[in-house]
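Topology and contacts: notes
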Amino acid sequence: ENKIYTLAIESSCDDTSAAILCNDKVLSNIVARQAIHEEYGGVVPELASRAHQQNIVPVVDVAIKKAGISKEDLNCIAFTQGPGLMGSLLVGGSFAKSLSMALDIPLVAVNHMKAHILAHFIDEEGFDKPTFPFLALTISGGHTQIVKVNSFFDLEIIGETTDDAVGEAFDKSAKILGLPYPGGPLIDKYAQEGNPKAFQFTKPKVDGLNFSFSGLKTQILYFIQKNVKENSNFIEENKADICASIQHTIIQILMDKLKLAVKETGINQIAIGGGVSANSGIRKTLKEAESKYGWKTYIPKFEYTTDNAAMIGIVGYYNFLENNFSTNNVVSKARIKF
Ligand code: KG4
Ligand code: ZN
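Note that this is a predicted model, so its numbers are computed, not measured.

1. A closer look at the packing of helix α4 (residues 166-176) against helix α5 (residues 184-191)
Interaxial distance between α4 and α5 falls to 8 Å at its minimum, and their mutual angle equals 75 degrees. Judged on the interaxial angle alone, α5 and α4 are roughly perpendicular. Residues Gly 167, Phe 170, Asp 171, Ser 173 and Ala 174 of α4 touch α5, and the partners they reach there are Gly 184, Leu 186 and Ile 187. For the contact of α4 with α5, the residue count by class is four nonpolar, three polar and one charged.

2. What about the site of ligand 1?
The full set close to ligand 1 counts 18 residues, and Ser 140, Gly 141, Gly 167, Gly 184 and Gly 275 are the nearest of them. Among the elements of the structure, α4 and α5 are those that each provide at least two residues to the shell around ligand 1. Looking at the shell around ligand 1 residue by residue, the classes come out as six nonpolar, nine polar and three charged.

3. Things to note about the sheet that holds strand β3 (residues 25-33)
Read across the open sheet, the five strands follow the order β3-β2-β1-β4-β5; overall the sheet is mixed. Among the strands making up the open sheet, the edge pair consists of β3 and β5 (107-111). Here the strands of the sheet are splayed against their neighbours by 20 degrees on average, with no regard to which way each runs. Examined bridge by bridge, strand β2 (residues 15-22) and β3 share eight bridges and lie antiparallel to one another. The partner of Ala 18 across the bridge, within β3, is Ile 30. Strands β1 (5-10), β2 and β3 of the sheet are contacted by helix α1 (residues 45-67), whose axis makes an angle of about 25 degrees with β2. Of the strands in this sheet, β1, β2, β3, β4 (76-82) and β5 touch helix α9 (residues 310-321), which is tilted by about 135 degrees from β1.

4. Here's the deal with the nonpolar core
Within the largest apolar cluster, 79 residues are counted, with the highest numbers of intra-cluster contacts made by Ala 8, Ile 9, Ala 18, Ala 310 and Ile 312. Those residues in contact with Ala 310, other than ones at most four positions away along the chain, are Ala 8, Ala 19, Leu 21, Val 26, Asn 29, Ile 122 and Tyr 304. If you look at the next biggest cluster of nonpolar residues, it comprises six residues, including Val 43, Ala 51, Leu 85 and Leu 89.

5. Some details on the UniProt feature "binding site: substrate" (unreviewed entry) in the chain
As recorded in UniProt, the feature "binding site: substrate" (unreviewed entry) lies at Thr 138, Ile 139, Ser 140, Gly 141, Gly 142, Asp 171, Gly 184, Asp 188 and Asn 279. Judged by local crowding, Ser 140 falls into the buried class, with 24 C-beta atoms found within 10 Å. Within the element layout of this structure, Gly 142 appears in the loop between β6 (134-139) and β7 (144-149).

6. Comments concerning the domain arrangement of the chain
The assigned domain composition of the chain is domain 1 (5-119 + 305-321) and domain 2 (129-299). Listed by partner, the interface residues are 13 residues for domain 1 and 18 residues for domain 2. It is helix α3 (residues 112-118) that contributes the most residues to the side of domain 1 that touches domain 2, five residues altogether.

7. Focus on α1
An α-helical turn contains 3.6 residues, so a residue and the one three or four places further along point in the same direction. With 23 residues, α1 should reach 33 Å at 1.5 Å per residue; the first-to-last C-alpha distance of 31 Å fits that figure. Maximal helix bending in α1 amounts to about 40 degrees, located at Asn 55; proline Pro 58 follows within four positions. Every buried residue of α1 is accounted for by Ala 48, Ala 51, His 52, Asn 55, Ile 56, Val 59, Val 60, Ala 63, Ile 64 and Ala 67. Residues of α1 that are buried make contact with β1, β2, β3 and α2 (86-103). Gly 68 sits one or two positions beyond α1 and adopts a positive phi of about 75 degrees.

Parameters at a glance
One numbering rule holds for all chains: residues counted from 1, following each sequence as written. Chains and ligands are labelled sequentially in the order written, the chains with letters from A and the ligands with numbers from 1. Reporting of local features is limited, given that this is a predicted model, to residues whose pLDDT is at least 70; pairs of side-chain atoms are given and counted only at 80 or more, and all residues count toward the totals for whole chains, interfaces and linings. A fitted line through C-alpha atoms represents every axis, and for helices the fit uses only the stretch in contact; the resulting angles, taken between N-to-C directions, go from 0 to 180 degrees. Here a strand is any run of E in DSSP of at least two residues, a helix any run of H or I of at least four, and the numbering for each starts at the N terminus. The cut-offs work like this: below 35 degrees is roughly parallel, past 145 is roughly antiparallel, 65 to 115 is roughly perpendicular, and the gaps in between are oblique. Contact criterion: two residues are in contact if their C-beta atoms, reconstructed from the backbone, are within 7 Å. Nonpolar residues are Ala, Val, Leu, Ile, Met, Phe, Trp, Tyr, Cys and Pro. Charged residues are Asp, Glu, Lys and Arg, and all others, Gly as well, are polar. Whether a residue is near a molecule or strand depends on its C-beta atom, generated from backbone atoms, being within 6 Å of that molecule or strand. Strands were regarded as paired on the criterion that DSSP finds at least two bridges between them. Each nonpolar core reported here comprises buried Ala, Val, Leu, Ile, Met, Phe, Trp, Tyr and Cys residues connected via C-beta atoms within 7 Å. For every residue, the other C-beta atoms within 10 Å of its own C-beta are counted; 20 or more classify it as buried, 12 or fewer as exposed, and values in between as partly exposed. C-beta atoms are placed from the backbone. UniProt positions are given in the numbering used here, feature names are shortened, and annotations may be inferred rather than shown by experiment. Each domain's limits were defined by an automated method or a database of domain assignments. Helix span, expected: 1.5 Å multiplied by one less than the number of residues in the helix. To get the bend at any residue, fit one axis to the seven residues that end at it and another to the seven that begin at it, then take the angle between the two axes.

Here it is, written out as structure tokens:
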């Protein structure tokens, strides 16, 4: 069998990542996280692009060494074209183009959001691959989408957020509670000890398969302000219950739309992707939906949920097989058509 070695580069936000795949198997997947942003309570684009510049060469170098190959073995280079922060995308994109030119091997420009979905096709022991067609729920710090996936190359957004992304709903709620950025994982952690029905928040009314999360954030802000006025220790005394209730509301919002999407499309295979799919409550609820609603759900390996280059590599590989290459004058795009 032919062995195709793909080098993949992801630099859309604040993580610099490089991976090597042999066909659909991951040989290495290196992620350099940028701790600098924690001090600012969010990603600072200018600092992110500078850190990518410092990290990109060592990260690629480690990925190649860890895979046990040399750069002359590479057959293909895949990189994140967008969406993302322009300054960050430019670093990975320019690097990928230069190396593809130097090694004289083909280049594949990859859509980051599609990659979050197609990460399910990485060959990984203990993880099933979905069959087409299936529905994907992509939930990250920047996006919230329900996508109908007909094939590797035919993906159709059937619902998305009209304002904040799910990750932002988690992070902004965490900020209101005085938790450090990014607060999503901390809400998850405290929620595990709390009662999800302790406090009630109303779900937004949004037509069809679209989402809205900005109203929930405002509701939580007023709820906290009112209670802290009456009892200055309110947050400390109720942290677990507050987190569990917020998380429960967010999960219900997602599940309501998923149920509607299943009803409308007749497809009951659901795959999740994006950083928020690391959330333990979401994972548990989706697993339970298998027996509760007869769905088949796919939850990726933790490593492939948050931003990583392996997911870019799998898209690169499938494009390589179809000879779908980008020309060397392809440009990075902060916003990109799906
Ligand atoms: O996909 P990702 O790594 O980066 C983007 O492309 O946005 O997603 C990051 C988001 C952040 O908002 C973070 O708070 C959230 O994913 N997140 C979580 C959890 N782990 C990461 N949210 C809730 N529960 C978690 N366990
Ligand atoms: Zn992402």
